Amino acid sequence: MASSGLQTKKRDNHNGHFVQPTNPNVATMQEDVLYHFHLSTSTHDLPAMFGDVKFVCVGGSPTRMEAFTKYMAKELGLDHPGAEYPNICVGTDRYVMFKVGPVLSVSHGIGIPSTSVMLHELIKLLYHARCSDVTVIRIGTSGGIGLEPGSVVITRQAVDASFKPVFEQMVLGKRVVHRTHLDERLAQELMQCGADLREFPTVLGNTMCTSDFYEGQGRLDGALCSYSEKDKQEYLEAAHAAGIRNIEMESSVLAAMCGACGLQVAVVCVTLLNRLEGDQVNSPHEVLVEYQERPQRLVGHFIKKRLAAAGNPRDL
Ligand SMILES: O=P(O)(O)O[C@@H]1C[C@H](O)[C@@H](CO)O1
Ligand SMILES: O=c1cc[nH]c(=O)[nH]1
């Protein structure tokens, strides 16, 4: 444990699983600079700032993550006239981070590399802050396969572009393969929240995580396209037959990294279009805004249910 600077509290008052980076070097560092958050163990009292965090919600868009914080403040009864929710990462424009009660909301940008960097620093932040029993949920957007636009998909398995439940990364020039395990019980709990709300279709399905929005997702409308419409259609139909119901760009790295470090993790994404019917995201702006709010409402309901069931957030 990096024990320098302002971090003096013991690991007490917790029942369960602490966040634990798998890298042993982190424990021996005198100072840990979380560069892309503009936070550090020697300049910030991370246990005081973040020690009560139980839920971390992440998504690509900074404004979505700010809106989610304001929404959660109202839902948790923590909002009051004049309340402000400052961006904790104000010293950088890489990511934004907001906190209300036990809920942390962080943006990750587009795609695996941006999300991976954010997750390295987020997991270390939660470790330095001595957080325990933390649930991480991605509240995102995606392209649906065979679903009515606006449907919400709760991910059963995050799979790669060849439909395998793995996340591959080059480490020291070698290909390293990580599992993309997601918590089945958490996914079922989230499905129940969709059923409680009954506001929009909610399905459990596999999510394909790609490293590109255009050719990587079989689109015909990018600047490059090296295949025919028939090839595209066959690929998406094969994906559907493999249980894939949506495509996005972050689920596999989230599953791999959070799963390895003792975090419960789930992915909840709304579908903006049905990819069997087209490639362009061309619904009116206000429709897309309302779609983006759906995962937020579902996850907000989930957090309230968990907190109500726990009575005391420390019992989570
Ligand atoms: O959380 P967001 O809405 O950013 O997720 C999806 C996947 C990519 O990041 C992006 C592509 O438009 O949207
Ligand atoms: O089609 C889509 C829509 C949103 N996000 C994606 O990654 N793909």
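Residues numbered from 1 in each chain as written. Chains lettered and ligands numbered in written order. Predicted model: local features only at pLDDT ≥ 70, side-chain atom pairs only at ≥ 80, totals over all residues. Heavy atoms only, no water.

Moving on to the overall build of the chain. In terms of regular secondary structure, the chain is built from 7 helices and 12 strands. Rg of the C-alpha trace for the chain: 19 Å, near the compact-globule value of 20 Å for 316 residues, within the 12% margin. Considering only intrachain contacts with a sequence separation of at least 6, the fraction spanning at least 24 residues in the chain is 77%. Looking at the chain as shown, the accessible area adds up to about 14400 Å², and 53% of this sits on carbon and sulfur atoms. (Helix = DSSP H or I, 4+ residues; strand = E, 2+ residues; numbered from the N terminus. Rg over C-alpha atoms; globule rule 2.2 N^0.38 Å. Contact = heavy atoms within 4.5 Å. Areas by Shrake-Rupley, 256 points an atom, 1.4 Å probe, with all protein chains shown as cover.)

Near ligand 2 you find T141, S142, G143, F213, Q217, R219, I247, E248, M249 and L273, and these make up its full shell. One nitrogen or oxygen atom from the main chain of G143 is found 3.4 Å from an oxygen atom belonging to ligand 2. Looking at the shell around ligand 2, the elements with two or more residues in it are β6 (135–144) and β11 (244–248). Per-element tally for the shell around ligand 2: the top contributor is β6, with 3 residues. Among the residues forming the shell around ligand 2, the class breakdown is 4 nonpolar, 4 polar and 2 charged. (Near = heavy atom within 4 Å. Polar contact = N/O pair within 3.5 Å; in protein donor to acceptor, adjacent residues only side chain to side chain. Nonpolar A, V, L, I, M, F, W, Y, C, P; charged D, E, K, R; others polar.)

Another aspect to go through is helix α2 (residues 62–75). Under the 1.5 Å per step criterion, the end-to-end length of α2 is 20 Å for 14 residues, consistent within 8% with the ideal 20 Å. Among the residues of α2, those classed as buried are R64, M65, F68, T69, M72 and A73. For α2, the elements touching its buried residues are β3 (55–59), β4 (97–100), β5 (103–107), β6 and α7 (285–310). Directly after α2, the chain includes G77, whose backbone phi takes a positive value near 70°. (Expected span 1.5 Å × (residues − 1). Buried < 20%, exposed > 50% of the residue type's maximum accessible area, 1.4 Å probe, protein only.)

Bringing the environment of H17 into the picture now. Along the chain, H17 turns up in the segment before β1 (33–34). Classification of H17 by relative accessible area gives exposed; the value is 59%. Sequence separation between H17 and G262 is 245 residues, and the spatial gap between their C-alpha atoms is 6.7 Å. Setting aside its immediate chain neighbours within four residues, H17 contacts C131, S132, D133 and G262.

Near ligand 1 the following residues occur: G59, G60, R64, I110, G111, R138, G140, T141, F213, M249 and E250. G60 has a polar backbone atom sitting 2.9 Å from an oxygen atom of ligand 1. Between R138 and ligand 1, the recorded distance is 2.6 Å, taken from a side-chain N or O atom to an oxygen atom. A total of 330 Å² of accessible area belongs to ligand 1 in isolation, and the protein chains cover 85% of it. Considering each element in turn, the shell around ligand 1 owes the most residues, 3 residues, to β6. Counted by class, the shell around ligand 1 contains 3 nonpolar, 5 polar and 3 charged residues.

Within this structure's numbering, the places UniProt gives as "binding site: phosphate" (unreviewed entry) are R94, R138, I139, G140 and T141. One can find R138 in strand β6. The exposure class of R138 is buried, given its relative accessible area of 3%. The contact partners of R138, leaving out residues within four places of it in the chain, are V58, G59, G60, H108, E248, E250, L254, A266, V267, V268 and C269. Reaching out from R138, the side chain makes a polar contact with the side chain of E248 at a distance of 2.9 Å. Relative to the elements of secondary structure, T141 occurs in strand β6. Once residues lying within four places of it in the same chain are set aside, the contact partners of T141 are R64, E248, C269, V270, L272 and Q292. (UniProt positions renumbered as here; feature names shortened; annotations may be inferred.)

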